[in-house]
Amino acid sequence: MQIIEVTGYAVRSAVITLRRSGTPLEFVLFPMLHVASPTFYAQVKRRLAECDLVVMEGIRGKSAVVSTLTLAYRFAPRRSRGGLQQQRCDLLLPESVPVLRPDVTAAEAVADLKTLPRGTYLMMLLAAPVMGLVFALRGPRAFLDEDLAVDDLPTTARAEMLADHPIGHAMSDHRDLRLLDALDGIHAEHHAAPLRVAVVYGAGHVPAIVAGLRERHGYRPRSAEWLTVCVPA
């Protein structure tokens, strides 16, 4: 199943609705990229207004390490001439819908990263500003990198390698478990209610969400809608 599609013409994100037989609760997954066109964020916000609860990604607290690692996508839209924006809550969240933030703290995120070999950890800190500069210079065409594509299961040897990379595990595994535990609680309390629960997380987390909800509670993808993230000039 495609989650982020990258072609020579556009980048698209699949908004995926998960349901299970016998209960009316549904989870709507919004695979996000941290830099995108304003139109993409506006489309997401309109759809979130139709939901009953938003489960939102966002590391809580501040850390110099986390700030450095996010420099790439914070720097890029400021320098790009392609009309891109950085993802921000005010661009996404409707005032009328309650928001749950189950993500890890900054201290927990840094502790997870420090389980990596020291050389790998330092390389990450040095690479983030360089990546931001490259992204800013390339503008929207940086989205055409095939490595940005996301599927529920890797479709190439390179995708499989990236999916199993230690950096990815250090950045995501703890956060994925924290999120799935929160979704467990929502399911336990509300599975008999006809609620739409939006899960707004980075696209790289979505394969774990799909697998976790299927294995834990039997939720499966039932429908999907493509939203255009960016159309490179």
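Preceding this paragraph is the structure being described.
Presented here is a report on the structure given in the accompanying data block.

What counts and what doesn't
- Residues numbered from 1 in each chain as written.
- Predicted model: local features only at pLDDT ≥ 70, side-chain atom pairs only at ≥ 80, totals over all residues.
- Heavy atoms only, no water.
- Buried < 20%, exposed > 50% of the residue type's maximum accessible area, 1.4 Å probe, protein only.
- Helix = DSSP H or I, 4+ residues; strand = E, 2+ residues; numbered from the N terminus.
- Arc of directions from axis to C-beta.
- Phe/Tyr/Trp six-rings, centres within 6.5 Å; stacked < 30°, edge-to-face > 60°.
- Salt bridge = Lys/Arg side-chain N within 4 Å of Asp/Glu carboxyl O.
- Axes fitted to C-alpha atoms, helices over the stretch in contact; angles between N-to-C directions.
- Parallel < 35°, antiparallel > 145°, perpendicular 65-115°, else oblique.
- Left-handed = near helix turned anticlockwise from the far one by under 90°.
- Contact = heavy atoms within 4.5 Å.
- Pairing = 2+ DSSP bridges.

Turning to helix α1 (residues 38-48), a few remarks are in order. Turning to α1, its buried residues are Phe40, Tyr41, Gln43, Val44, Arg47 and Leu48. Seen from one end, α1 has its buried residues packed into an arc of 160 degrees, which puts them on one side. Turned more than 90 degrees from where α1 packs its buried face, Thr39 and Arg46 sit exposed.

Aromatic ring pairs: the centre-centre distance and the angle between the two ring planes describe each pair. Overall, the coordinates contain two aromatic pairs when judged by the stated rule. Taken together, a centroid distance of 5.0 Å and an interplanar angle of 85 degrees make the contact between Phe27 and Tyr219 edge-to-face. With Phe27 in strand β3 (residues 26-32) and Tyr219 in the loop between α9 (206-217) and β10 (220-230), this residue pair connects regions lying 192 residues apart in the sequence. Assigned by exposure class, Phe27 and Tyr219 land together as buried.

This paragraph deals with the pattern of salt bridges. For the structure on display, the rule yields eleven salt bridges. Salt-bridge contacts for Arg175 lead to Asp103; the nearest nitrogen and oxygen are separated by 2.7 Å. Placement of Arg175 in helix α8 (residues 166-190) and of Asp103 in the loop between β7 (99-100) and α5 (106-113) is noted, with a sequence separation of 72 residues between them. In this pair, the class of Arg175 matches that of Asp103, namely buried. In this structure, Arg178 engages Glu108 in a salt bridge whose closest nitrogen and oxygen atoms are separated by 3.0 Å. With Arg178 in helix α8 and Glu108 in helix α5, this pair connects stretches of sequence that are 70 residues apart. Look at the salt bridges and you will find they share partners, linking Arg19, Glu26 and Arg196 into a network.

Turning next to the packing of α8 against α9. The contact between α8 and α9 brings their axes to 10 Å, and the two run at 45 degrees. Overall, the two elements α8 and α9 adopt an arrangement that is oblique. Crossing angle aside, the handedness with which α8 passes α9 is right-handed. Touching Asp176, Leu177, Leu179, Leu180, Asp181, Leu183, Asp184 and His187 of α8 are Ala208, Ile209, Gly212, Leu213, Arg216 and His217, all from α9.

This part is about the pairing of β3. When you tally the buried positions in β3, you get seven out of seven residues, the bulk of the element. Burial along β3 is two-sided: the face carrying Glu26, Val28, Phe30 and Met32 and the face carrying Phe27, Leu29 and Pro31 are both buried. Of the pairings in the sheet, the one linking strand β2 (residues 11-19) to β3 comprises three bridges and is antiparallel in character. The residue of β3 that forms the bridge with Leu18 is Phe27. Linking two consecutive strands that pair antiparallel, namely β2 and β3, is a turn of six residues; a positive phi of about 90 degrees is found at Gly22 within it. Pairing between β3 and strand β9 (residues 196-202): seven bridges, direction parallel. Within β9, the position partnered with Val28 by the bridge is Ala198.

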